[in-house]
Amino acid sequence: MSLLKRIEQGQGGAQPEGGAPGGDDSKSRIMSLQARRVVPPGVSAQKDTYTDLKTRVQNRLLSELDPSTDITRVNEVRGTIQELFEQVLAEENIVLSRPEKFRLFEQIAAEILGFGPLQPLLEDETITEVMVNGAKNIYIEQKGKIHRVPVSFESNEHVMRIIERIVAPLGRRIDESSPYVDARLPDGSRVNAVIPPISLVGPVITIRKFAKNPITIEQLMQFGTITPEALQFLKACVESRLNVVISGGTGSGKTTLLNILSQFIPADERIVTIENAAELQLRQEHVVTLESRPPNIEGRGEVTIRALVINALRMRPDRIIVGEIRDEAALDMLQAMNTGHDGSMTTLHSNGPRDTLSRLETMVMMAGMELPVRAIREQISSAIDLVVHQSRMRDGTRKVVNITEVTGMEGDIITMTDVFVFEQSGFEGGKVVGRLRPTGLRPKFMDKIEASGIHLPPSIFGIGERRRM
């Protein structure tokens, strides 16, 4: 039985928001760990399995660990555990090779301070996603490809302890009456957990990791996600306060691109961000971050994205950034864009620029206002200036494939014009070959950009190139 089976809910990992480190809380945690330690009966050093050995060493460490230790001070506690670990091995005459000793220590430290078997995967910066399909099946995404890794939990109960450790500090819950939850790790990585009876394969965890050092503009161009010309155009759009929707499929890099574009917002503007689980990493100083909240065990206390958007209008925002629009909050977001809150941005799941507007239309209808379809489309065409569509290609790379202007209405149809389109020229060596190219068309909102004092050369839109051809 692992240490996680003996840890109380929410111990280790992230410190609860607003909680004070140290003090009686840390003391009670250590005392609880010590009280719950299990000593396997009749285990001899010669006949120990690796699990038995790990359990024995953990038990000794817990018995020696000072109950007043503040386990939120990770570096200090790790040093203490290291000293006790060496002492326990020496006292019990346990002889291990250097690699075995390192592996045993890291696993025990992860059980006490981190997220158990997931800790090494979370610390590996080359891994972008971690997927747990029950106790014994763990997959990762690395360089855009999914691989199974030789890592496992001891049981489904072990997985549940890790899930509880993740969600408890955030004031969220997961149980049979509420069998799925969105959360985040201390570093901002997005977490989704689903448990039985909804999941038939045991507890499922999906972690979308965020780089410790956010992806820079230079890296985005180096990866081939976007061209310098397209990025210069988007920078001008953000600075001139155009309303932008970033669309794409799951894992296409929408949030990463939103983080990049948000860097272009002037530092003297007040920004309000609204998300289900706070993950945007804005670098400006004047940022207010709001997070939705699910209902409590009594079904009360829910705070929706829509309620936060409405409340944000009373907070004197210069910009409203919604992490993702997925329901009737779309109506209030459009209203905000149409009532003086220019420069707002959001993301949305869709298959293309045209589908983005169709989904917006559907989500507005979910608000139950019984608005005529034409009125909804007029709101959309008036509010949205630009749709940036991103796609995850079959080689695992993420690329901006459309930058499309919303030009207005013709009859009952919203009209759109592509400004940049990704042209794929081939597939070589397992890689998609192509480039995001301008269409040669000048956007209608260029007057607004130039009124902001920004002058883009015609070559950005490929106008000079088309004439030479």
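Above this text is the structure in question.
Residue positions are given per chain, counted from 1 along the sequence in the order it is written. Residues qualify for local features only when their pLDDT is at least 70, as the model is predicted, and side-chain atom pairs are given and counted only at 80 or more; totals for whole chains, interfaces and linings, by contrast, use all residues. The side-chain numbers reported here are obtained from all heavy atoms of the structure, hydrogens and water having been left aside.

Our next topic: the packing of aromatic side chains. When two rings of Phe, Tyr or Trp (its six-membered ring) have centres within 6.5 Å they constitute a pair, described as stacked for plane angles under 30 degrees, edge-to-face for angles over 60, and tilted for the intermediate range. Per the stated rule, a full pass over the model turns up three aromatic pairs. Taken together, a centroid distance of 6.1 Å and an interplanar angle of 20 degrees make the contact between F233 and F445 stacked. Of this pair, F233 sits in helix α8 (residues 228–239) while F445 sits in the loop between β15 (431–438) and α14 (446–451), placing them 212 residues apart in sequence. Each of the two residues, F233 as well as F445, counts as buried. Measuring from ring centre to ring centre gives 5.5 Å for F233 and F461, while their planes differ by 80 degrees; the resulting arrangement is edge-to-face. A residue pair is termed long-range when its members are at least 10 positions apart, and F233 in helix α8 and F461 in the loop between α14 and α15 (463–468) qualify at 228 residues. Only protein chains enter the accessibility calculation, which uses a 1.4 Å probe; a residue whose area is less than 20% of its type maximum is buried, one above 50% is exposed, and one in between is partly exposed. According to the relative accessible area criterion, F233 is buried, its value standing at 0%. Counting every residue linked through ring pairs, the aromatic cluster contains F233, F420, F445 and F461. Distance and angle both matter: a charge sits over a ring if NZ of Lys or CZ of Arg is within 6 Å of the ring centre and within 35 degrees of the ring normal. Between R394 and the ring centre of F427, over which it is positioned, the NZ or CZ distance is 3.9 Å. Starting at the N terminus, helices and strands are each numbered in turn, a helix being any DSSP run of H or I of at least four residues and a strand any DSSP run of E of at least two.

All right, on to the pairing of strand β1 (residues 127–133) then. Summarising burial for β1: five of the seven residues are buried, a large majority. Pairs of strands are assigned from DSSP output, requiring at least two bridges between the strands. By the bridge criterion, five bridges tie β1 to strand β2 (residues 138–142) in an arrangement that is antiparallel. By the bridge assignment for β2, V132 is matched with I138. Where β1 folds back on β2, the antiparallel hairpin that results is connected by four residues, among which G134 adopts a positive phi of roughly 85 degrees. Two elements, β1 and strand β6 (residues 204–208), share five bridges in a ladder whose sense is antiparallel.

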